[in-house]
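Single-letter residue listing:
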Amino acid sequence: MPSFDLVIRNGLVFDGSGAPGVRCDVGVKDGNIAALSVEPLAAAGARTVDATGKWVLPGFIDVHTHYDAEVFAGTGLGESVRHGVTTVLYGNCSMSAVYVEPDDAADLFARVEALPWDAVHGLLKEHKDWTGPKSYRRAVERLPLGCNVATMIGHSDIRAAVLGLGRATDPEYRPTKAELDRMRAMVAEALDAGFAGLSTDRLRFSKLAGTRFAGAQLPSTYATWKEYELLYDVVRERGGVVQSNLDVSNRLETIQHFLHSAGGLLGRVRGRKPLKTSLLAALDLKSDRNVIRLLKLVTGLVNPLLGSDVSFQLLTAPFHLYSDGVDLVIFEEFASGTAALDIRDQVRRGAMMQSEEYRRAFRKDMAKKFGVNAWNRDFYDTEIVSCPEEAAVGKSFGQIADERGLQPVDVFLDLVSLYPGEVRWHTTVANDRPDVLGEAMAHKWFQFGNNDSGAHLRNFSFYNAPLRALKLVNDAHKAKKPFMSLETAVRRLTGELGEWYGLDAGRLRPGDRADIAVVDPAGLDDSLAEYHEELAPAFGVSRQVNRNDNAVAATVVGGRLVYSYGVFASGFGESLHAGQFLPGAAG
C-alpha cells in the first residue's frame, strides 16, 4: 500500500499556530495529516499537488454563515469550498431549524436573510425527519457534505418551539418558569448533541416573513436579559460560545453583553467563568467613522477590566451592498423602509411608494442623519447597475437628480416605484479604507467573520472574505507598509477561530484532520472583487458572487481533493462525502 493517499509538494506551509511558514511536503493518509517533511516525501501511488510558489494553509473557517436550509440541497456548499473554506458554522443570529416546523423556520429566515420563503420552506419540509438536536445531527451527517459543518442552536428557534410563534413575538408576554426551564433543557440538549453554542439577537430590525406574523421582530429580540442569563448560564457551564447582535439603537446596552460574559473578579463574586461571546459587528461605517474606534477602545478596556471575553466579528473586505429597489436589510432601519418591505408584492409596493403621503414619510426618514445607521443615506454615493432607463446605468441617483433638477430622494422613489424590482443599484456602507481595515484586523478583540455566507443572495457576497484578508496583508507587505505578518493572518483565519469555537479545525499538525487550502498568491489580485451572478439551485434565484478561479489551487477536505482552480471533484455535493459534522467543545 502507498505510504500516503495525497502528497502536497514544496509549498510554504503555515500550521495555523502563528508560526512562520516552512517550505515542506505534506503527506495525507486516511483523511489525516500523516507527515510534514522538509525532505521530499515518497509519493508512489499517491495523488500529488504541486504547491511550488504557493501557500499551504489550514482550510479557512467561516464562523458566520446561514447555510441552515442550503445544506440540505446537496450542493456541497461549493461557493465556500471554491474559496478554500473547509469548515462553516451556521445557526447564527438566533435562527436555526432544529426544533421549529418548516413554516416557522421559513418565517424566521426569509426576511432577515433575504432568502426565498418558498425555497427555505420546501427544502426543510422535504428533508425534515428529525425531532431534536441528536436526530438533526444524524440527518446532517448523512449528507454528501463538501466541507465540514458546525452549528449553533438558535434562541428564536427554541423560543418559537416552546411558546409558539405568536406568544414568542408578543412584547407583553413573559415565559413561565416551566417554559424557561424547557428552553434551558433544549439548550443543554443541543450542546450534548455537539452544537457549538447558542445564538441570540438584539437587532430590532430583524423581522419575520410569511403571512401570519409578518413584520414582527425575531422571537429572540423580545426576551428579557434575565431570560438570556438563564440560557447563557447553561452555555457557560458547558464551555460553549454565544453569538449575538447588538441593539444598534441603544449603544449603552452593549455593556450588558460584557457583564453577562464577565469572569475575573466580577465573575468570581458571582461564581461563574467567562462566557465566550461573539457580537455583530465591527465595521468602519461611512455613516459614523467613530464606531470602529469606539469598539476598539471598549473591548480593549472592558474585557481586561471585567474579565469578560467579548469579541466583535469583523468583515475583512469592503462592505459592498446591492439592492433590487428597496429589497435590502438597511431599509429596515427606518419606519418608511419597513413599511415598504412589509408589502412583498412589487407592484403594490410601487404603487404605495408613488403616493405623496409615503414620500413625505420617506423624505423625513432620509433627512435623519443622526443616530446609529448602517447606511449613510447619501444618494450621490450610489451606482445604478441596471435599469429599464439605460441612460441611468452607471450613474448615481444624485447625478440623475442634478440632470433633472430634482431631489435625489425623489429620483430614487420615482425609479424604484416606476420599475418595481427592475432597478438594481450599489453602495458601499463600510470598510472602504484599507488602512483602517488593516488596523482593525490587527485588533485582538476583533474576530474574523461576519461573512453571512449563504444569505442575502442578491445583496452581497463575502464567501471569499478570507482571501480578501490575505490580499490586504500581502498588498501591505508589497507596499512596505505591513500591519500584520502573513503567519498571523493565517492564524486569525484558522487556528484562532477553531480554538475559540472549540472545533477540531484550523491547524496542520500530524494527526490533525487533513482540511487544507492551497492558495496561489498570484491569484490574490483585484479580480477577487469582481461581480458575477450564477444560479443558486437550492433557491432557484440568481446569486451574486465575488470570485476568481486563480486564487485557490486546491481545497482538501478530510484528505479528499474536492476543488482546484475552478473545477470541483467528480461527485462533489452528490456522492462525494468529504466533510463531517464537527462538534463543539461543549459536546
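Residues numbered from 1 in each chain as written. Predicted model: local features only at pLDDT ≥ 70, side-chain atom pairs only at ≥ 80, totals over all residues. Heavy atoms only, no water.

### Remarks on the UniProt feature "domain: Amidohydrolase" (unreviewed entry) in the chain
Part 1 of the argument: According to UniProt, the feature "domain: Amidohydrolase" (unreviewed entry) maps to residues 47-202 in the numbering used here.
Part 2 of the argument: Secondary structure within residues 47-202 divides into 40% helix and 17% strand; the distance between the first and last C-alpha atoms comes to 49 Å. (UniProt positions renumbered as here; feature names shortened; annotations may be inferred. Helix = DSSP H or I, 4+ residues; strand = E, 2+ residues; numbered from the N terminus.)

### With respect to helix H13 (residues 356-367)
Part 1 of the argument: Compared with the 16 Å implied by 1.5 Å per residue over twelve residues, the 16 Å span of H13 between its first and last C-alpha is a close match.
Part 2 of the argument: Every buried residue belonging to H13 is among Tyr358, Arg359, Phe362, Asp365 and Met366, and all of these are buried. Viewed along the axis of H13, the buried residues span an arc of 125 degrees, placing them on a single side of the element. The outward face of H13, more than 90 degrees from its buried face, is lined by the exposed residues Glu357, Arg360, Lys364 and Ala367.
Part 3 of the argument: Check the buried side of H13 and you find it contacts helix H11 (335-341), helix H12 (346-354) and helix H15 (408-418). (Expected span 1.5 Å × (residues − 1). Buried < 20%, exposed > 50% of the residue type's maximum accessible area, 1.4 Å probe, protein only. Arc of directions from axis to C-beta. Contact = heavy atoms within 4.5 Å.)

### Some details on the domain arrangement of the chain
Where the parts come together, the accessible area they lose is often given as the size of the interface.
Part 1 of the argument: Taken domain by domain, the chain consists of domain 1 (57-318 + 431-568) and domain 2 (327-425).
Part 2 of the argument: Taking only C-alpha atoms into account, the centre of domain 1 sits 30 Å from that of domain 2.
Part 3 of the argument: Each side of the interface is counted separately: domain 1 has 15 residues, and domain 2 has 15 residues.
Part 4 of the argument: For the pairing of domain 1 and domain 2, the buried interface totals around 1,400 Å² over both sides, and the portion due to carbon and sulfur atoms is 48%. (Domains from an automatic or database assignment. Buried area = accessible area lost by both parts, 1.4 Å probe.)

### Structural notes on empty space enclosed by the protein
Part 1 of the argument: On inspection of all chains with the given rule, the structure shows three cavities of 30 Å³ or more.
Part 2 of the argument: Every residue along the wall of the largest cavity is listed here: Ile61, Asp62, Val63, His64, Thr316, Phe448, Gly449, Asn451, Ala465, Pro466, Leu493 and Leu497.
Part 3 of the argument: Looking at the lining of the largest cavity residue by residue, the classes come out as seven nonpolar, four polar and one charged. (1 Å grid on protein atoms, 1.4 Å probe; cavity = no way out; pocket = protein on both sides within 12 Å on 5 of 7 lines; lining within 4 Å. Points joined across faces, edges and corners; volume = space filled by probe spheres on them. Nonpolar A, V, L, I, M, F, W, Y, C, P; charged D, E, K, R; others polar.)

### Some words on the sheet that holds strand E10 (residues 197-199)
Part 1 of the argument: Reading across from one edge, E9-E10-E11-E12-E13-E17 is the order of the six strands in this open sheet, with parallel pairing throughout. If you trace the sheet from one side to the other, it starts and ends with strand E9 (153-154) and strand E17 (446-448), each paired once. (Pairing = 2+ DSSP bridges.)

### Focus on the pattern of salt bridges
Part 1 of the argument: Following the criterion strictly, the structure yields 45 salt bridges and no others.
Part 2 of the argument: Residues arginine 492 and glutamate 496 are paired through a salt bridge, measuring 3.1 Å at the closest nitrogen-oxygen approach.
Part 3 of the argument: Classification of glutamate 496 by relative accessible area gives partly exposed; the value is 21%.
Part 4 of the argument: The structure contains a network of salt bridges with shared partners spanning Glu79, Arg82, Glu534, Arg547 and Asp549. (Salt bridge = Lys/Arg side-chain N within 4 Å of Asp/Glu carboxyl O.)

### Things to note about the packing of aromatic side chains
Part 1 of the argument: Tallied over the entire structure, the rule returns 28 aromatic pairs.
Part 2 of the argument: For the ring pair phenylalanine 379 and phenylalanine 397, a centre distance of 6.0 Å and an interplane angle of 90 degrees mean the geometry is edge-to-face. With phenylalanine 379 in the loop between H13 and strand E15 (383-386) and phenylalanine 397 in helix H14 (residues 397-404), the pair connects residues that are 18 residues apart, well separated along the chain.
Part 3 of the argument: On the basis of relative accessibility, which here comes to 3%, the residue phenylalanine 379 falls in the buried class.
Part 4 of the argument: A ring pair is formed by tryptophan 500 and tyrosine 501, whose centres lie 4.8 Å apart and whose planes are at 65 degrees; its orientation type is edge-to-face.
Part 5 of the argument: The exposure class of tyrosine 501 is buried, given its relative accessible area of 2%.
Part 6 of the argument: An aromatic cluster is present here, built from Phe331, Phe334, Tyr358, Phe362, Trp375, Phe379, Phe397, Phe412 and Trp425 joined pairwise through their rings. (Phe/Tyr/Trp six-rings, centres within 6.5 Å; stacked < 30°, edge-to-face > 60°.)

### A closer look at the nonpolar core
Part 1 of the argument: Phe331, Phe362, Phe412 and Leu470 are the most contacted members of the largest nonpolar core, which has 157 residues in total.
Part 2 of the argument: Here this core takes seven residues from helix H6 (residues 177-192), the largest share from any one element.
Part 3 of the argument: Two domains each provide a minimum of three residues to this core, namely domain 1 (57-318 + 431-568) and domain 2 (327-425).
Part 4 of the argument: If we ignore the near neighbours within four places in the chain, the residues touching leucine 470 are Trp55, Leu57, Phe60, Leu486, Ala489, Val490, Leu493, Val519 and Leu524.
Part 5 of the argument: Counting 18 residues, the second largest nonpolar core, distinct from the first, contains Ile8, Ile33, Val56 and Ala514. (Core = buried A, V, L, I, M, F, W, Y, C linked by side-chain atoms within 4.5 Å.)

### Details of the sheet that holds E15
Part 1 of the argument: The strand order across the open sheet built from three strands is E14-E16-E15, with neighbouring strands paired in antiparallel fashion. Of all the strands in the sheet, just strand E14 (319-324) and E15 have a single pairing partner and so form its edges. When strand polarity is set aside, the average angle formed by the axes of neighbouring strands in this sheet is 35 degrees.
Part 2 of the argument: In the sheet, E15 pairs with strand E16 (residues 424-430) via three bridges, with the strands oriented antiparallel. Opposite isoleucine 384, over in E16, you have tryptophan 425 as the bridge partner. (Axes fitted to C-alpha atoms, helices over the stretch in contact; angles between N-to-C directions.)

### A few points about the side chain of serine 461
Part 1 of the argument: Looking at where serine 461 falls in the secondary structure, it is placed in the loop between E17 and helix H17 (465-478).
Part 2 of the argument: Among the polar contacts listed, one links the side chain of serine 461 to the backbone nitrogen of asparagine 546, at a separation of 2.9 Å.
Part 3 of the argument: Serine 461 has contacts with Gln544, Val545 and Asn546, leaving out every residue within four places of it along the chain. (Polar contact = N/O pair within 3.5 Å; in protein donor to acceptor, adjacent residues only side chain to side chain.)

### A few points about the pairing of E16
Part 1 of the argument: Counting buried positions over the seven residues of E16 gives seven, a clear majority of the element.
Part 2 of the argument: In the sheet, E14 pairs with E16 via six bridges, with the strands oriented antiparallel. When the bridges of E16 are listed, tyrosine 322 appears paired with histidine 426.

### Concerning the state of the cysteines
Part 1 of the argument: Within this structure, the stated rule accounts for zero disulfides.
Part 2 of the argument: Distance from the sulfur of cysteine 93, which forms no disulfide, to the nearest cysteine sulfur (cysteine 147) is 18 Å.
Part 3 of the argument: Cysteine 93 gets classed as buried once you look at its relative accessible area, which sits at 4%. (Disulfide = S-S within 2.5 Å.)

### Considerations on the packing of H13 against H15
Part 1 of the argument: The interhelical angle for the contact between H13 and H15, taken along N-to-C directions, is 130 degrees, at an axis separation of 10 Å. Between H13 and H15, the angle is such that the two are oblique. Relative to H15, H13 is oriented so that their crossing is right-handed. On the side of H13, the interface is formed by Tyr358, Arg359, Phe362, Arg363 and Met366, while H15 contributes Val409, Asp410, Phe412, Leu413, Asp414 and Ser417.
Part 2 of the argument: Residue composition of the contact of H13 with H15, by class: six nonpolar, one polar and four charged. (Parallel < 35°, antiparallel > 145°, perpendicular 65-115°, else oblique. Left-handed = near helix turned anticlockwise from the far one by under 90°.)

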